[in-house]
Amino acid sequence: MPLARRLRLDDVVTSFPELGPTVPDGGYAWIVLYGVFLVQMTIPSLLSMYGIVLGYINENEANDFDVWSEEIILAPILFTAFSNLADPWTRMIVIMASVPRLIGIIGVFLLAVGIIATGYLATGGVGAYLASSSAGAVMGVGASFVMLLSEYVLRKNFRKKLPLALTLKNIGASFGLVLIPTVTNVLLHEVKLKSGLLLMTIVLMPTALGILMFRLPTPQEISSPYSLLLSTEEDNELPIRISPDIPESTHHSNGQNNFENPEYAEVEGRTHIGGLYSEGNNIYAYENPNEDVDLFVNPIVHSDSKWKHQLRPLRTFRFWGVVVGWVGVKVSALFFWILLPVLFYGVANHSYGWMSLSTLAGFLTFFPSVSSIKVLQMTTQTRRLYFGLSSWLCSVALIGLNYATNYSWIIIYTILGGISIGSLSSCQDLPLYDILGAETVRCVHKGFYSIVGLCILFFCFVHSVDFCLNFTALLLFIGGFYWILSPVVSLIKDSRYTHSHAIHRTSRGET
């Protein structure tokens, strides 16, 4: 049978026509998506779970309660910090692993150990001292394994329908933010604190079940005689792809573009033109089993120049502006979920009001999660505006929660916080690639997440609710300003160019 009969066109929209493997986008991939839904329903909700725990402790120790005197407060902070610190290394393990389910089960085991350890954290015991410094770190590493694995498997099984899959994943996280706090509250009031925390490991059962559903596409499902010339690690390193948004009016007559930073003009030109569904402009070549000639040879890169290339973005204002915004986004979700019940109880002093407030905030995240399918299809500049405005809204919500003095105002700021936190969480990876560019993110990935994790560790030593909330709001404001600045500057340049071009055409018509 001639080989030509086995050719299949890849239906994925890219920057240029190409032939390549066809991702399933159906069949067992929907089972994988359901497994990812279960994972997202549990892991992101752990922060809100510890918020309920702190609210329960506050309710039972109302007279002498100090949130920073509770050892358990370190667990969610270390959880967030180490999930970022471990991200670059767990990503490499996930990509290289031949048995993805085993990696996921290891992550669940680490999460279970961390949750059990926090049972001693909240009530003392012989393991309290050890747990205070290790429980959150172990949980963070485990969460990094599970979350990166779910993202990796999801993108391997979906390509054309990836925006829909990512939207359903976000909806799963919102569903967990409503369900998990309710389950935690019931357990704590039924079996008390220590036993309730130990029993909270049952929330990881859906996580383990979802991981058992994970599977990478088999060679039979990807039935194409084409092989990827670029590495599969690069292909799966990015989240959803960036859509082109450079208007024609930004092109001068000499063919150059008005980029915000000329230093990254070449990088952004390569990464932004690929379209929303492109996988990094990867090139596929036909496999000819009878041909032994190596047509493609990787260039030799000297170690000195390689390090200079990787460190070059760290000397730019753009990199540190993104770091500030990213730390603000991560810490805002952390403090919003763990401090919301405590802040409400300090204002309203209602036994079950803090529980209802946490559930309300989780329910409000459904709106940005459902609308994230539209956000994924926005242009780069529009997404930056969306992310920047959400950062500002979250900044206002945190300051308002810190200074609210009555029930009505804390409800209003909770609504603003739930919507803004949901907006930031549903598309938090996209602005990173929108600003830095795909190639730059690959280059500084390890350093970026390590710096972010170390910055979050700083909050372990700050024992002040006022300072944490106000400083986080400042980081969000600065980050939001940086994300909004670029689209505004581009809009001004575009309007000026259009105006000058119209004047030029008018003057030419008069002459």
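See above for the structure.
What this report covers is the structure whose coordinates are included nearby. (Residues numbered from 1 in each chain as written. Predicted model: local features only at pLDDT ≥ 70, side-chain atom pairs only at ≥ 80, totals over all residues. Heavy atoms only, no water.)

**Topic: the overall build of the protein chain**
For step 1, the next point in the chain: When helices and strands are tallied, the protein chain shows 20 helices and 2 strands.
For step 2, the next point in the chain: Counting all 511 residues of the protein chain, 52% fall into the buried class.
For step 3, the next point in the chain: Surface accessibility of the protein chain: about 23200 Å² in total, with carbon and sulfur atoms responsible for 64%. (Helix = DSSP H or I, 4+ residues; strand = E, 2+ residues; numbered from the N terminus. Buried < 20%, exposed > 50% of the residue type's maximum accessible area, 1.4 Å probe, protein only. Areas by Shrake-Rupley, 256 points an atom, 1.4 Å probe, with all protein chains shown as cover.)

**Description of the environment of Val396**
For step 1, the next point in the chain: Among the structural elements, Val396 can be located in helix α16 (residues 380-403).
For step 2, the next point in the chain: For Val396, a relative accessible area of 44% translates into the label partly exposed.

**Brief notes about the pattern of salt bridges**
For step 1, the next point in the chain: The tally for this structure, following the rule as stated, stands at 2 salt bridges.
For step 2, the next point in the chain: In this structure, Arg91 and Asp87 form a salt bridge, with 3.4 Å as the shortest nitrogen-oxygen distance. On the criterion of helical spacing, the pair formed by Arg91 and Asp87 is a turn pair, its members being 4 residues apart in helix α4 (residues 87-96). Of the two residues, Arg91 and Asp87, neither departs from the other in class, the shared state being buried.
For step 3, the next point in the chain: For Lys169, the salt bridge goes to Glu151, with nearest N and O atoms at 2.8 Å. With Lys169 in helix α7 (residues 162-191) and Glu151 in helix α6 (residues 128-157), this pair connects stretches of sequence that are 18 residues apart. Each member of the pair, Lys169 together with Glu151, is buried. (Salt bridge = Lys/Arg side-chain N within 4 Å of Asp/Glu carboxyl O.)

**Things to note about the side chain of Ser420**
For step 1, the next point in the chain: For Ser420, the location among the structural elements is in helix α17 (residues 407-426).
For step 2, the next point in the chain: At 2.8 Å, the side chain of Ser420 forms a polar contact with the backbone oxygen of Leu416. (Polar contact = N/O pair within 3.5 Å; in protein donor to acceptor, adjacent residues only side chain to side chain.)

Everything listed here is a matter of geometry and, on its own, says nothing about what the molecule does.
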